[in-house]
Amino acid sequence: MGNDTKYIFVTGGVLSSLGKGLASASIGALLESRGLSVTIQKLDPYINVDPGTMNPFQHGEVFVTDDGSETDLDLGHYERFTSIKMGQDNNFTTGKIYYSVISKERRGDYLGGTVQVIPHITDEIKNDIKLVSDSVDVVIVEIGGTIGDIESLPFLEAIRQFKTDVGKENVIYIHLTLVPYIATAGEVKTKPTQHSVKELRSIGIQPDILLCRTDRFLSKEIKAKIALFCNVGVDAVITALDVESIYEVPLIFHNEGLDDKIIELLNIWTRAPRLEAWKDLVKRIKSLKHSVKIAIVGKYTNLTESYKSLNEALYHGGFSNDCKVNLFFVDSENINADNCKEVLSDVDGILVPGGFGTRGIEGKILAAQYARVNKIPYFGICLGMQLAVIEFARNVAGMTSAHSSEFDEKTTFPVIYLMLSWYDEKTKAIQKRDISSEKGGTMRLGTYPCILEEGTLAHKAYGTYEISERHRHRYEFNNEFKEILEEKGLIISGTSPSKDLVEIVEIKEHPWFLGCQFHPEFKSRPMQTHPLFQSFIGAALKKKLE
Ligand code: GLN
């Protein structure tokens, strides 16, 4: 921890889903635009040790970092809005914290003392916050959950203590609340905000800045009222306006004076913010000339949070093709041979995302087949790549019972299977997998290098021979079938440097058909669209304009 590191703690009140993650990410963007070095950490109040085992239906996407941590999806926002690279220390859950404290207790580290929430859990939390504070000017810490929840109390107590530990000039608290417009009264209501702040103050935290989520700009009078009741300056009451595109949030905050207020309260000098790139981006987003309709044929289609990074990466693909991307979520369980054509007839591109479990598998295979046969741009990600290989093996190479051993252990053509040994680029050694070992332990996670084949779609999109991308899967392409599939027209366009692992496949004589074993969506940024998403949306638009 640098001596002059500053800390911003972001809490949320009234209700969940107000956009605390986006608010934290936007604060990070604004501070970076002033030349400050920043990092962001998320503290989550649930007992799972990491979100890796959580159902995306309930919790949304699991975001994967370069170092292979399975994290909360808010870390995706942090990476998309800033230049920060997230890693294992950027996300702590109650489970991870207790796990560490209990392990220390078992080792005897507490020398027989009684282990308690205060000070042992709170000390652990404070140490975890300090883990990310080396060599940055500002640490932004987002506390998950809503004020009033029992679960988040130890976190709030820890951040309350933190101010005394590091000095009051080094810490500010930002609280995000809701200021709803009540149509029958014809006015916005400040009471929920007052109550939320009262709750926060009752546990010893006086917020310095309030971000008020609302559907209209707050008048001076309303701001004054909130300021009076909540004991903050009028200029510390910020309108957090509902916006069409999330990428407008940093500019809205800036116009409301948020970054000025933050640096004033933290007593830091910075250059003026450089927000031209954000302004250009928002201008572009608001004037996109074309549009495409992309079908996402998946499983978790009721909760759009489940495919957060994917949705954003597709939008980014649109930004760099002057094109609005309309997402059409299709539950693959509802696709069958009879209705496939009808469901997918008017789409410009089909994407089958990553996934686990058997449900809806055949519907996704049908979607891949429909795209292949009808020459519709197809993008298969992780499971979507594996299913494209299965479809190709079945319907082009004549292996009618081809499958992944994940779904059919006894198939005679396991074109996708659990590889038991391969050369691992991270450890520079042969990696062995034991099928009977614990579930999570056998996953290939995080960044791996991949070498591209000259002249392929992938090579053209990336414009380079070596790439590195993030993984989260167990099953792999089975090299036993490589030759025969290649003979039938499958192109292996990317492999691990040792060639043990197939990372990208394409097919011949198709405008755009590509499957990748990794998750490119995690690395796409609004101002730097991932090459595969740029190329895919470009192909979808080309098809539409033909
Ligand atoms: N279920 C597949 C595997 O484990 C694909 C995983 C994914 O799409 N992330 O390999």
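What you see is a predicted model; the values in this text were computed from it and never measured.

Cut-offs applied
- Residues numbered from 1 in each chain as written.
- Predicted model: local features only at pLDDT ≥ 70, side-chain atom pairs only at ≥ 80, totals over all residues.
- Heavy atoms only, no water.
- Near = heavy atom within 4 Å.
- Polar contact = N/O pair within 3.5 Å; in protein donor to acceptor, adjacent residues only side chain to side chain.
- Areas by Shrake-Rupley, 256 points an atom, 1.4 Å probe, with all protein chains shown as cover.
- 1 Å grid on protein atoms, 1.4 Å probe; cavity = no way out; pocket = protein on both sides within 12 Å on 5 of 7 lines; lining within 4 Å.
- Sits in = over half its atoms within 2 Å of the grid points.
- Helix = DSSP H or I, 4+ residues; strand = E, 2+ residues; numbered from the N terminus.
- Nonpolar A, V, L, I, M, F, W, Y, C, P; charged D, E, K, R; others polar.
- UniProt positions renumbered as here; feature names shortened; annotations may be inferred.
- Buried < 20%, exposed > 50% of the residue type's maximum accessible area, 1.4 Å probe, protein only.
- Contact = heavy atoms within 4.5 Å.
- Points joined across faces, edges and corners; volume = space filled by probe spheres on them.

Trainee: Explain the site of the ligand to me, please; I cannot follow it from the model alone.
Mentor: The environment of the ligand is made up of Gly 354, Gly 355, Phe 356, Cys 382, Leu 383, Gln 386, Glu 406, Arg 472, His 473, Arg 474, Tyr 475 and His 519. One of the side-chain N or O atoms of Glu 406 is found 2.8 Å from a nitrogen atom in the ligand. For the ligand, whose unbound accessible area comes to 300 Å², protein coverage reaches 99%. Using a 2 Å cut-off from the grid points, one finds that the ligand occupies the largest cavity. Of all the secondary-structure elements, those providing two or more residues to the shell around the ligand are helix 15 (383-395) and strand 21 (466-473). In terms of residue class, the shell around the ligand is made up of four nonpolar, five polar and three charged.

Trainee: Looking at this structure, I do not really get the UniProt feature "binding site: L-glutamine" (unreviewed entry) in the protein chain. What am I missing?
Mentor: Under the feature "binding site: L-glutamine" (unreviewed entry), the UniProt entry names Gly 355, Leu 383, Gly 384, Met 385, Gln 386, Glu 406 and Arg 474. Despite a sequence span of 120 residues, these residues sit close together in the fold, their greatest C-alpha distance being 14.0 Å. Cross-referencing the annotated residues with the largest cavity identifies Gly 355, Leu 383, Gln 386, Glu 406 and Arg 474 as lining it. Along the polypeptide, Gly 355 turns up in the loop between strand 14 (349-352) and helix 14 (361-373). We classify Gly 384 as buried; its relative accessible area is 0%. Contact partners of Gly 384, with chain neighbours within four places excluded, come to Val 352, Pro 353 and Tyr 378.

Trainee: What is the right way to read empty space enclosed by the protein from this model?
Mentor: Empty pockets left among the atoms are what a rolling probe the size of a water molecule brings to light. Summed over the entire model, instances satisfying the criterion amount to two cavities of 30 Å³ or more. If you add up the space inside the largest cavity, you get close to 80 Å³. In terms of lining residues, the largest cavity is bounded by Gly 354, Gly 355, Phe 356, Cys 382, Leu 383, Gln 386, Glu 406, Arg 472, His 473, Arg 474 and Tyr 475. Of all elements in the fold, only helix 15 and strand 21 reach the threshold of two or more residues within the lining of the largest cavity. Looking at the lining of the largest cavity, its residues break down into four nonpolar, four polar and three charged. In this structure, the second largest cavity spans a volume of roughly 30 Å³. Thr 11, Gly 12, Ile 143, Gly 144, Gly 145, Thr 146, Ile 147, Ser 152 and Leu 156 together form the lining of the second largest cavity.

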